[in-house]
Structures are given as C-alpha cells and as structure tokens.
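Now for the letters of each chain:
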Amino acid sequence: MAAGSRVWLPLLLFTLCCLYQRTVSVDRNNFKTCEQSSFCRRLRHTEPAVSKFVVLPETLQTYKQYILLDLQHSESKHLFVLKLAAVRGGIFHFQIDEKSPLSERYRVLDALAKEPEYVNVKVEGGSSGSTITVTADGGTSRAVVTLAPFKIDFYNGDKLVVAANSKGMMEYEQLRRKEAKPEAPLEEEGHEGQENEVQEVKEDPGTWEENFKGHHDSKPNGPEGLAMDFSFPQAKVLYGIPEHADSFALKHTVGKTDPYRLYNLDVFEYELDNGMALYGAVPVIYGTGPASTAGVYWQNAAETWVDIFAPEQEKNVMSSIVKLVSGSSDEEPPVANFISESGIVDVFILTGPSPLEAFRQYTELTGTAPLPQMYAIAYHQCRWNYNDEQDVTTVSAKFDEHDIPMDTMWLDIEYTEGKKYFTWDHHKFPHPLEMIRNLTERGRHLTVIIDPHIKRDGSYFFHNDCTDRGYYVKNKDGNIYEGWCWPGAASYADFFNPEVRKYYADQYLLENFKESTAEVGIWNDMNEPSVFNGPEITMLKDNLHHGGWEHRDVHNLYGHMHIMATYDGLIRRSEGALRPFILSRSHFAGSQRYAAVWTGDNMADWGHLQASIKMCLSLSVSGISFCGADVGGFFGNPDGEMFYRWYQIGAFQPFFRSHAHIDTKRREPWLFPEDVKLIIRDAIRKRYRLLPLWYTMFYEHERSGLPIMRPMLAQYPADTKAYAIDSQFLLSDKLLVAPALKAGQTKVDVYFPAKENGEADLWYDVDNHRKYSSVGYETLSVDSYKVPVFQRGGTIVPRKERIRRASTLMKDDPYTLVVAVDKDGAAKGTLYIDDETSFEYRSGKYLYLEFEFKDGVLSSRKIDTTASYPTKSWLERVVLVGLSKAPKSATQHLSSGESSELDVYADEGGAFVVRKPGASMQDSWSIKLKY
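Note that this is a predicted model, so its numbers are computed, not measured.

Participant: Please provide a residue-by-residue account of the overall build of the chain, values included.
Facilitator: When helices and strands are tallied, the chain shows 16 helices and 51 strands. Relative to its length of 931 residues, the chain is compact, with a C-alpha radius of gyration of 28 Å against a globular reference of 30 Å. In terms of overall dimensions, the chain has a C-alpha envelope of 95 × 80 × 50 Å along the principal axes. Evaluated residue by residue, the chain yields a buried proportion of 62% over its 931 residues. Considering only contacts within the chain whose residues lie at least 6 apart along the sequence, 73% involve residues at least 24 apart. For the chain, the exposed area adds up to about 33900 Å²; of that, 48% sits on carbon and sulfur atoms. Here the chain holds 102 positive side-chain charges and 128 negative ones, and the gap between their average locations is 5 Å.

Participant: Tell me about the pattern of salt bridges, residues and numbers included.
Facilitator: Taken as a whole and judged by the stated rule, the model has 67 salt bridges. Note that aspartate 403 and arginine 681 form a salt bridge whose closest N and O atoms lie 2.6 Å from each other. Pair noted here: aspartate 403 is in the loop between α6 (389-401) and β23 (408-411) and arginine 681 is in helix α14 (residues 674-689), with a separation of 278 residues, a long-range link. A relative accessible area of 39% means that aspartate 403 is categorised as partly exposed. Between aspartate 457 and lysine 420 there is a salt bridge; the shortest N-O distance is 3.9 Å. One end of the pair, aspartate 457, is in the loop between β25 (453-455) and α8 (461-469); the other, lysine 420, is in the loop between β23 and α7 (432-441), with 37 residues separating them in the sequence. Among the residues examined, lysine 420 registers a relative accessible area of 7% and is labelled buried.

Participant: Can you lay out the sheet that holds strand β48 (residues 889-894) for me, pointing to particular residues and giving the numbers?
Facilitator: Here ten strands make up a closed barrel; going around it, the order is β42-β43-β47-β50-β49-β48-β51-β46-β45-β44 and the pairing mixed. The mean angle between the axes of side-by-side strands here comes to 20 degrees, regardless of whether they run parallel or antiparallel. Inspection of the sheet shows strand β45 (residues 847-854) paired to strand β46 (residues 857-862) by six bridges, in the antiparallel sense. Paired with lysine 854 across the bridge in β46 is valine 857. On the sheet, helix α15 (residues 691-704) packs against β42 (795-799), β43 (815-820), β44 (827-833) and β45 and is oriented at approximately 85 degrees with respect to β44.

Participant: With reference to specific residues and values, describe the packing of aromatic side chains.
Facilitator: For the structure shown, the criterion picks out 66 aromatic pairs. Ring geometry for phenylalanine 92 versus phenylalanine 154: centroids 5.5 Å apart, planes at 50 degrees, classification tilted. Highlighted residues: phenylalanine 92 in strand β4 (residues 91-98) and phenylalanine 154 in strand β9 (residues 151-156), separated in sequence by 62 residues. Across this residue pair, the class does not change: phenylalanine 92 and phenylalanine 154 are buried. For the pair tyrosine 695 and tyrosine 832, a centre-to-centre distance of 5.7 Å together with 45 degrees between the ring planes defines the contact as tilted. You can see tyrosine 695 sitting in helix α15 and its partner tyrosine 832 sitting in strand β44, a full 137 residues away along the chain. With relative accessibility at 1%, the residue tyrosine 832 sits in the buried group. Here a set of aromatic residues connected by ring pairs shows up, and it is made of Phe422, Tyr460, Phe461, Phe462, Tyr471, Phe495, Tyr503, Tyr504, Tyr508, Phe513 and Tyr558. Positioned over the ring face of tryptophan 598 is arginine 657, at 5.1 Å from the centre of the ring. For lysine 885, the ring lying beneath its charged end belongs to tyrosine 931, and the centroid distance is 4.6 Å.

Participant: Residue-level account of unusual backbone geometry, with values.
Facilitator: The linkage connecting glycine 352 with the following residue, proline 353, adopts the cis geometry, with an omega of 15 degrees. Topologically, proline 353 is positioned in the loop between β21 (345-350) and α5 (355-366). At the junction of tryptophan 384 and asparagine 385, the peptide bond is cis and its omega measures out at 5 degrees in the coordinates. For asparagine 385, the position within the fold is in the loop between β22 (379-381) and α6. The backbone of glutamate 836 sits at a positive phi, close to 70 degrees, despite the residue not being glycine. By the element assignment, glutamate 836 lies in the loop between β44 and β45. A residue is classified by how much of its surface remains accessible, and glutamate 836, at 7% relative accessible area, is buried.

The rules behind each value
Residues numbered from 1 in each chain as written. Predicted model: local features only at pLDDT ≥ 70, side-chain atom pairs only at ≥ 80, totals over all residues. Heavy atoms only, no water. Helix = DSSP H or I, 4+ residues; strand = E, 2+ residues; numbered from the N terminus. Rg over C-alpha atoms; globule rule 2.2 N^0.38 Å. Buried < 20%, exposed > 50% of the residue type's maximum accessible area, 1.4 Å probe, protein only. Contact = heavy atoms within 4.5 Å. Areas by Shrake-Rupley, 256 points an atom, 1.4 Å probe, with all protein chains shown as cover. Lys, Arg positive; Asp, Glu negative; His and termini not counted. Charge placed at Lys NZ, Arg CZ, Asp CG, Glu CD. Salt bridge = Lys/Arg side-chain N within 4 Å of Asp/Glu carboxyl O. Pairing = 2+ DSSP bridges. Axes fitted to C-alpha atoms, helices over the stretch in contact; angles between N-to-C directions. Phe/Tyr/Trp six-rings, centres within 6.5 Å; stacked < 30°, edge-to-face > 60°. Lys NZ or Arg CZ within 6 Å of the ring centre and 35° of its normal.

Here is the structure:
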C-alpha cells in the first residue's frame, strides 16, 4: 500500500496530462517525417537511376516450382539470393535476401492464411541471353528477369502489368559490423543529417543510432534498410496501402510531400488529406487502368514509407505541347517505391487482370473475414464510458421506448477495477452476469474493451503471472520493458511467443473470466501498441521479442498477434460453438481473419465524416471488409445535422457503431431534438431492413474474397472518370450509395458509371424507383431523410420489413425480394440463410439461394444443393421494379406440385408488388406473371 501511495500523485498527474492531450488536435511534432527517419532519408530516391544490382546468370538453379539466382551489388560486390516462384491463380512470389548475412533477417510470419499453393514453372533463357523467363504452369502469367541491370517484368497474357526495379531504385543495406573509427555525432531532432563542421561524415548520422524527442534507439544491428520500386504500365491510378486519412486514389508524393507512411501509431484527432501513419498498416497496393489491374503485396512488418510517382497528376500544359510537337503519346506509368527499415524483400505480384481478380488474389493469400454473427453487423451503441449497470440498463430500455433498433451495448475501460483487464469494478458493476443476461434476454449483446497493456500492480494476477513466467516484452538489456498507458505504469505481453498467446487466450475462458459469458464481444484497442511515454507514442524499436527479434522488425504485426490470441480465446471460450466478434484498432495484412476494424479517434467534423468513406474503401480493397467509423466522431460534439447525416452513412458501411469520448456530451439519439431523433431512427431502420443483404454479402466475402464495400472502379474499370470518386461507393455489385456529406446540403451530384461498352447500367432509386439510364452526373435533391441509394438493374435484393428491437429477434421473419430488371427485363440475386450464430454452416447447415427473373418468371433454386437449413422464414412480398408492362396477376408453383394465384398491385413509385406468396425459403418455387 505504501508503494502504491508514493506513485499515486505522479500517476494522477500523468493521467490528467494524457486526458488533456486527448482533447486537443494531433501534435505533428510527436511523429517523424521522412527526413527525421534515418533509413527513409538514406534510401529515398526522387529520380530514376540505373540499378546497381545485376544477376549472375551462371548461378541459376531451376526447381520444379521456383528458381534461385544470385544478385550482386556492382559496387560492393555483396551477394544476394533471388527466389522466384509462381502461385496458383495468377500470382508470383519473389524474395531477395543476403546470401550470407551476419545474422538472420526477419521474415513475416502469420500474415498469410496458409502456405501459398505454388505451381510448376517453365524456365527459358539463362547464361547465353540477357533475360530469364519463368512461366506459370497452366496460366497466362509469366515473369521476365532482366540480368543487367536487374529488374523483373510481370505479364498477364501479352500485357506488362508490373515491373519491379524498372526505375533502378532498389536498395539493400547489408548487415555489417560498425567500423572502429570516429563516427558522426549522434543524430538528434533538428540536425536532420547535417554534416559535422569538424570531421568529415561519410555516413548518415542516424545510421548506427539515433534519437527522437529524447528517446534513444541503439540500433544494435546497424543499418538494414531496403527499398524497391514497382511500375504499373497499364495503370492510370494507384490505391491501397491503408491506413491513411487521405483520398482513395493515392497522390503524387515525390518532390511534394513525405511518402505515405506505414507504421502503426496511436494518433488521436488525426489530420486529414495526408499520408501520415495511423493505426494500421496493410502494405498492398493496386494499379488500375482501362485495360488491366495489378497489385503488389510487400510483405514486411517494419516501418515502411511508400513514395508515389503519379505522372497523370503531374501533367502540365508544357508537357502536353511537347508531346504534341514530337508526336509522342507515351506516358510514364505510375510507380510506387517501398522503403522499409529491416526485414527482407518479400513480394507477391497480383497479375489481375480485373480489379476484382486482383482483390481476390490478395485475399487468397491473406484470407477473408469469417462470417460474423448477425448481431455484429447490426447497430452498436458505445461511449467512453457508460457509468454503471443502471446506465447500461437505462440506455438499452430507452432504445425500446423510442422504438430504435439496437443490438449491442459497449463498455470502455472504466468498467474494470483500476484499468486491470479481466476484472470488474464491483462498485459500478456489482452484478455483471445479471447485467449481461438482462441484455441477452432482450436479444441484445455486450462488448467490453480489453487492451494489451498490463497494469504493473503486485495485486494483479495477470501482471504477476507475466512477470514470473517471462511473458513480457523486454528492453534492449533483456529486462522487462515498462511504459505508460491508461493504468499508469504498464508492461506489454509478448504475443510473438506462442506460450504467451496461449496464456492470454486462456484468460477469456469462462473458468478464468468468470464474470463473462460466451456471448460477450471483445474490443482490442490501443494495440499499435500505444505507449504514452514512448517514441511516437509507441514502443522502443530496440525492445526485444520472442526469438530475439527487435521490435523494429515486427512492429506492424503486434496488434495482429494480439487479436490472433483473442480470437483463439473466444473460439475456445464457447468450445467452438459461436463465431467470435472482435473489434481491433491496429491491423496488418491478414487481420481480417480475426477482427473488424474501425478508423480510430476521429472528430465531429464534416471532413472526418467524408474521410470515413475514403478510409473504409482503402481498407476494403486491402482485404479488410468489416470496416466502419465512429458515428458522430469520437472527439467533439456534433450538431444535429452532422449527427444524422453520419448515421445515414454508417447505416451503409459494414461496421455500424456510434462512439464518443468521455468529455463529450451524451449523445444517445433521444437527447437530440425530436426531428433529429426521428431521422436517426429512420437511418438505423434502413440498416435493419437490409440485414439479409448485408448477411449475404458477408457470406459471399468469406466465400469469394471480394470486398463488400467497393470503389466505383471495382465494377467499372473502363470508366476512368470514376477512378478518383470517393464520395460514393458500391455495396457488392448491387447498390450504389451517394450520401450527403456537407453541412446544409440540399443537392447531391451522383455519378452513374459507364460499362466497358461505354453504356450505362440501369439504376433505380430504392425509395421512389425512379430510373436512371445515362452515364455521368445527375443532380438530385435531398431532404433531411434522404440517402441517395440506387439498386442496379439486373439485381435482386433481399430485405426484411418487420423491424424489431434487435436483429436476433428477426431471425424467422419473412423476406421481401426487390427485383430490379436490366435492359433485357432480367435480374438475378442471392440470399444466404443459417442459424446466424454458429460455425455449423461450415458443415453444410445453411441455404445459399439464387433467384432469377427472366421472361416474366421469378424462380428460386439452391446454389449448393447438398446444403440445407430448416428455416422458418418465408416469402412475404416481391417488389418488381422497371417492368415494361403491367402484370395483372401471378401464379406461384411450389416444388411439391401445388400452385396458387397471387394478387399483384402497383405501388406509388410505379413498381409492382406480388402479395404474400407464402413459399418457404427452403423450398424451390417459381412465380409467373400474367399480363
């Protein structure tokens, strides 16, 4: 107790300081620029060069599924080994490592979903020629290795889609011992590489050690950075590499700004429209043009900067005149230059050729999000913090009182005993199990936060166990690392140790976390990791992890390993019976296999509202489809208009949660004026009507790997005018969403894209069924309730019209099918049904249905004929939109041989409604219109 008393005052002061810092905007000085990051400064190139690397053709070794070649640096003569292989499905994989390094260099583990399925290769060329060609067996893709200077061209068919090192920017710092001679003075902030006035400096002053904001990085391995450029000859736009609060289309950085940075950091109230690092790092980038799309997955977990050369953005009148005079129409392709602090070159080339094929190739490598429980894709209510049990009970009851659907209540850090996770504050929450059961009985769920920092408290079992068993991350001297976070003094579990992950996962088991249930969701926050007193608010790079790896090697993987352990714990908590729900702030390639992601500590600001679309689009194409933003903004107090507009956007994003900072005003919907509350209620009810579509899209994502929320170019790559659009988006290939994004907005400009033949799809307003059939912008009036959403002609969308307090209570309710016909009067759609909670769907207990409308007949059939599920749901209504003539009635035919006559009537928007067919959704049936 005495020791605790001595640290109480400084702890209080520190906590108050942290809270103050979290009420003002981000301080850019806390985070490095490229100039302040020694390896970025050393390795960044702003102009193409002749590569210093050459291939030694006599070293070629050919194997069934790959080749090996030695590379040599033409000046240092240091040797490297290139391994090049082909992966099934139009993917190439190449790695470059030192041939005889002083010590092993880190290779990323746990990002890929499984070992890639390599295929046989055919090898041509060698010592007598200037190139070596590697062709994938059974496919149309090939890689051509140029010997001197070294580069690799990747083709899909006859098209060159990616060229590695074509600009000669490859760098690879060999591991070496520090020479015993005078060195440059230790770099400190503000020196930024200036030469010492007394002695000559031959190396960058941050090469062997560096300081930032008073934090020392000892760099025991010295310089070990690497870089490589990738050109996209078919592309007009580059996109990907989340997470950044910037436009969906990546901007030109060379000569203008810092490169985009990938380094997981706790950045609250982040700035917009720049490439500053945020909470996650997914090093995959795509290039799209009218003829082809390709991608590059740079598998590296160290701090990484990505320079973008975007000639299309940098074109000027003079260059156009020069081309006109010279008769040249050649344009430089866009280029991405990846620069990482450590590790090896480990690259997967995604040859496309379409955007959807490239996205699928990436998720074939890194995995897909498992189908969540239905409640997880409904509406979530959160703030820091709901005060106590009575507060939770009251808020839940108020949603019922105001007839607003809600599925999950959330608790932030204040529910714990003194910020000790896996505990409860029994003064505020004396009966947690009863509280959880009360929610469950009403069809609702609870989610609680559990962060990776562990309070250093001798009375805390978790801290004592980690200390006694050596489970904490160590500092450079091999002692337990101590930082500061919400509990004050804290240490961090080393999730790279399988034994630590097992121990951590065990804490979720109900025999250990006794005041929890198998239904409780988990929120893993602060897992970049956030260290309030660390460099850039994170962990020291020379800290040590399991296996002796420095934190610099694995930094961007830390949160990924955290959620991996949590997922294992939740699976075992329910003995495999329930699908876990986890929300994570930090993420890396492959994190979609374990958790949903949100965009972090945003602000109640119209710019942040707009950024939620851009950021989730970038995450979605990078494998992370289960994405959303804090509705209303985490910091600040939104006015009524901003609040309801944000709900209208959130209702059409995969993860839908309202969340707010502890210092904000309470903002439950009924605390706003009645008109605002009713608009919010309407937006949430829109989400619940479309839950059958959302659930189907999530299932199809797990099955196909394609994103749920999609940029316009995903479906319309031939339309270059759609490339930069990030104010509207698609849901699968069915809905186009173009919400109001500005204060006082009464009109929205909606862009309807062109197909490959230059023609438009038909689009129907989901509210009034108005048809749009031309390519280009249409200006639409919007009132406070209006969310411009359009269903594509040729699709069938399932809905449920009986909105209940929670999605779990809608399970057996009947379906409505909205049939929107294309120019041929036809449409198709799908519907997925299962028990909405368990993994039994993976054992064939589900229904996956296809609906088709053709020649006046709507029919249903099973896609997977061996699967079945005894659903109680039935078909209540069919809405037919865009018919060229009016049906008078309809006849339904069931698989049993029965038939019945059905009424048809026209609604106010000109659609035709077939009333109460009554067919079971598990049966085959058809409905024939009569004219």
